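Structure assessment
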Amino acid sequence: MSRKAKREEKVKSKIISKLIIVAIFLGLVFFVLKVAPNYVNDDITDRANLVINNSNVTKDLKKDVMIENGIIYISKDDIENFFDPYIYYDEKYNQIITTSEKQVASIVVGENTMENNGTTVDISGTVIEKDDTYYIPFSSLKDVYNVEINYIDSTKTITVDSKDRKYAVADSTKNNGVKAYPTMFSRNVDTIEQGETVTVVQNEQNQNNEINGWTEVRTDTGKLGYVKTNTLANEYVYRETMEDKAKIEGKISMIWDYFSEYYTAPDRSGTDIQGVNVVSPTFFTLVDEGQGKINENVGDDGVAYIEWAHSNGYKVWPSLSNNSYINTTSVIMNDYKLRQELINNIVSLVVNYNLDGINIDFEYMKDEDKDLFSRFIIELEPRLKEIGAVLSVDVTAPDGSPEWSLCYDRYTIGKVADYIVFMAYDQNGISSPVEGTTAGYNWVEANIQKFLGQEGVESDKLILGIPFYTRVWEENSDGEIISKDTISMKNIDSIVPEGASKTWDDDLKQYYIEYVSDGITHKIWAEDEESIKAKLSLINKYDLAGASFWTKDREPDSIWSIVSESLGVE
């Protein structure tokens, strides 16, 4: 070989060596960045691990879980985060109040008893106050939260499984290493033997959490990791996810059937109402200064009304009004025991009269009681759900006066109750200094947008309340308003004289009517078939839960075919 050839061979060899070194370096970098993290042991071993529905939440705990005398204690803050966003310390009675889907429980700090849905039971442990933190005896509340709890001493792991979620298991077909990540290049977090049964972790769609041929599992030691999907067999589903069925199929169409406490329920036997699937007779009112007592105006006529409704396929959600007793309402809202007295009375009425739900119509309340009214709804909902009854709550438009509007936390009510009913009236009412419409289309739509936007209410929980009345505004020659009487929708044509000015307002989707009689100017923003149809169109536009109408017998018969067609209710 010539000297030149040898020199070229040597240079070539050096280049190859450098390329090999670079390749090795890049391989090491890849390993450090991509593979090595899979072998990092980040297990928590210095304290108890909490695994909730196959998710290890230990790193997210605000306080460590305590285990004393076999009792598992979880801090109030962590229960708020993971189980009950509305858990509450009641200073007046020095107790913790917690709710779940169908349970309301209270535990006095330091006592070994719990009141659960009105029944007092003995419990192991009690609420402990330590370092300005309340610790709840969680293992004594498994029935309240409807969970299964298991403590694995060997790994100091607590597993919590909700009984209303899918739970599946499978057998391992071989001795398996359970990997920290879904890849062969990962450390083992546990090992399982052939034939050993593991819990199959579910994803949000209630399907096996499978990634690229790997399935996430939980072992008997509470460890979470991955095994190859093809090494699992004999999958068995112990329980499926329990889902609440819709109380009403399709849109809700509810009428309020008003009669005062001095009258009896109307006789509707032999009739039916097209386009309606819920009726809300005004059976119940608070007793003034009654500390949670309810005046029930049912009687034989009311029982016949309920039978008529059920025979026609209507659900019955009677209204419970506070009769605008602002002080009585405040006293009840500010006392847990009085709230429970009221709730127990409501539950008894629902059971005794075979009702399908209740409609809470509390108006004119102190704005400082807003959160306590929410507490009342939070504590009422589980009790009604336990007996299969629906809870709907009436509220006014946002951004109004303290006692009529700011007294509602619409977000919380919308989250907790089955339905929140927007009483879309009076835009201009009895206290208005200027004349105007009762419920203009643009005002109604703007407030629906507020409910869905700034108030955070879900559209499928919002029922739009629509008036079957308007007002006749009377104005003297000096421009002074001297009357603003209500008039039923069906009677408008009968009072308007021939020749009255009648103009369509496309913003309000109403006819504006004006005429002069005996020197007095009369102004009406009329509700009719066209105005109601326009408001009903908003329900489909915003995919709302449905509509409710105040009140029955103030409408012309022609309106019900429009309601039926608009809402798809026969």
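Here the structure is shown first, and the text comes after it.
Presented here is a report on the structure given in the accompanying data block. (Residues numbered from 1 in each chain as written. Predicted model: local features only at pLDDT ≥ 70, side-chain atom pairs only at ≥ 80, totals over all residues. Heavy atoms only, no water.)

Inside soluble globular proteins, nonpolar side chains tend to come together where they are buried. Core analysis: the biggest nonpolar cluster contains 79 residues, and Leu342, Ile346, Ile360, Phe362, Phe373, Phe376 and Leu536 have the highest contact counts within it. Residues within four places of Phe373 in sequence aside, it is in contact with Met333, Ile360, Phe362, Met365, Val393, Tyr408 and Ile413. Core analysis: the next-biggest nonpolar cluster, separate from the first, contains 27 residues, Ile72, Ile74, Phe83 and Val144 among them. (Core = buried A, V, L, I, M, F, W, Y, C linked by side-chain atoms within 4.5 Å. Buried < 20%, exposed > 50% of the residue type's maximum accessible area, 1.4 Å probe, protein only. Contact = heavy atoms within 4.5 Å.)

We now examine helix H4 (residues 299-311). The end-to-end C-alpha distance of H4 is 18 Å, a good match for the 18 Å that 13 residues give at a rise of 1.5 Å each. Those residues of H4 that sit buried are Gly302, Tyr305, Ile306, Trp308 and Ala309. Here the buried residues of H4 occupy an arc of 160 degrees about the axis, which is enough to place them on one side. Across H4 from its buried face, at more than 90 degrees, point the exposed residues Asp300, Glu307 and Ser311. Taken together, the buried residues of H4 touch strand S22 (252-257), strand S23 (278-281) and strand S26 (315-316). (Helix = DSSP H or I, 4+ residues; strand = E, 2+ residues; numbered from the N terminus. Expected span 1.5 Å × (residues − 1). Arc of directions from axis to C-beta.)

Let's shift gears to the pattern of salt bridges. A complete count under the given rule lists 21 salt bridges for this structure. When the shortest N-O distance is used, the salt bridge between Glu458 and Lys415 registers 3.1 Å. Taken together, the positions of Glu458 in the loop between helix H9 (441-452) and strand S31 (462-467) and Lys415 in helix H8 (residues 410-416) put the pair 43 residues apart, joining distant regions of the chain. For the salt bridge of Lys509 with Asp506, the shortest nitrogen-to-oxygen distance reads 3.3 Å. (Salt bridge = Lys/Arg side-chain N within 4 Å of Asp/Glu carboxyl O.)

Mapped onto the elements of the fold, Asp369 is located in the loop between strand S28 (357-361) and helix H7 (370-386). No salt bridge is formed by the buried Asp369; the nearest opposite charge belongs to Lys366, separated by 5.5 Å. (Lys, Arg positive; Asp, Glu negative; His and termini not counted.)

Spatially, S33-S32-S36-S35-S34 is the arrangement adopted by the 5 strands of the open sheet, whose pairing is antiparallel. With partners counted over all chains shown, the strands left at the sheet margins are strand S33 (481-488) and strand S34 (501-505), one partner each. Going across the sheet, the axis of each strand differs from the next one's by a mean of 20 degrees, ignoring polarity. Of the strand pairs in this sheet, strand S35 (residues 510-517) and strand S36 (residues 520-526) are connected by 7 bridges, and their pairing is antiparallel. Note that in S36 the partner of Tyr515 across the bridge is His522. (Pairing = 2+ DSSP bridges. Axes fitted to C-alpha atoms, helices over the stretch in contact; angles between N-to-C directions.)

On to the packing of aromatic side chains. For the structure shown, the criterion picks out 27 aromatic pairs. Judged by centre distance (4.8 Å) and plane angle (45 degrees), the rings of Phe83 and Phe138 are tilted. Here Phe138 lies in the loop between strand S11 (133-137) and helix H3 (142-145) and Phe83 lies in the loop between helix H2 (76-82) and strand S5 (88-90), a separation of 55 residues in the sequence. Across this residue pair, the class does not change: Phe83 and Phe138 are buried. Their ring planes at 70 degrees and their centres at 4.9 Å tell us that Trp504 and Tyr511 sit as a pair that is edge-to-face. On the basis of relative accessibility, which here comes to 26%, the residue Tyr511 falls in the partly exposed class. (Phe/Tyr/Trp six-rings, centres within 6.5 Å; stacked < 30°, edge-to-face > 60°.)

Right, let's talk about helix H12 (residues 559-567) for a bit. A large share of H12 lies buried, amounting to 7 of its 9 residues. Each element contacted by the buried residues of H12 is listed here: S22, helix H11 (529-541) and strand S37 (546-550). One or two steps after H12, the chain reaches Gly568, where phi turns positive at roughly 70 degrees.

Taken in spatial order, the 4 strands make up an open sheet running S3-S4-S11-S10, and their pairing is antiparallel. At either margin of the open sheet sits one strand with a lone partner, and together these are strand S3 (66-68) and strand S10 (128-130). On average, each strand axis in the sheet is tilted by 30 degrees relative to the strand beside it, whichever way the strands run. Here S10 runs beside S11; their pairing, made up of 3 bridges, is antiparallel. Bridged to Ile128 within S11 is Tyr135.

Another aspect to go through is the packing of helix H5 (residues 326-333) against helix H6 (residues 336-352). Put simply, H5 and H6 touch, their axes get as near as 6 Å, and they point 105 degrees apart. Comparing their axes, H6 and H5 come out roughly perpendicular. On H6, the residues touching Val331, Ile332 and Met333 of H5 are Leu338, Arg339 and Leu342. Its residues placed into classes, the contact of H5 with H6 shows 5 nonpolar, no polar and 1 charged. (Parallel < 35°, antiparallel > 145°, perpendicular 65-115°, else oblique. Nonpolar A, V, L, I, M, F, W, Y, C, P; charged D, E, K, R; others polar.)

Below, the discussion takes up unusual backbone geometry. The bulk of non-glycine residues show a negative phi, and the bulk of peptide bonds are trans. Of the consecutive residues Tyr425 and Asp426, the connecting peptide bond is found in the cis state with omega at -10 degrees. As for its placement among the helices and strands, Asp426 is situated in the loop between strand S30 (419-423) and H9. Note the cis peptide between Trp550 and Thr551, where omega equals -10 degrees. Position of Thr551 among the secondary structure elements: in the loop between S37 and H12. Notably, Asp518 is not glycine yet its phi reads approximately 55 degrees, a positive angle. Considering the arrangement of structural elements, one finds Asp518 in the loop between S35 and S36. What makes Asp518 exposed here is its relative accessible area of 78%.

Attention now goes to the packing of H11 against H12. Look at H11 against H12: their axes get within 10 Å of each other, and the N-to-C directions meet at 15 degrees. Comparing their axes, H12 and H11 come out roughly parallel. Crossing of H11 over H12 shows right-handed handedness. Residues Glu529, Ile532, Lys533, Leu536, Ile539 and Asn540 of H11 lie in contact with H12, whose contacting residues are Ile559, Ile562, Val563, Ser566 and Leu567. A per-class count over the contact of H11 with H12 returns 7 nonpolar, 2 polar and 2 charged. (Left-handed = near helix turned anticlockwise from the far one by under 90°.)

Spatial relationships are all this shows, so hold off on functional conclusions.
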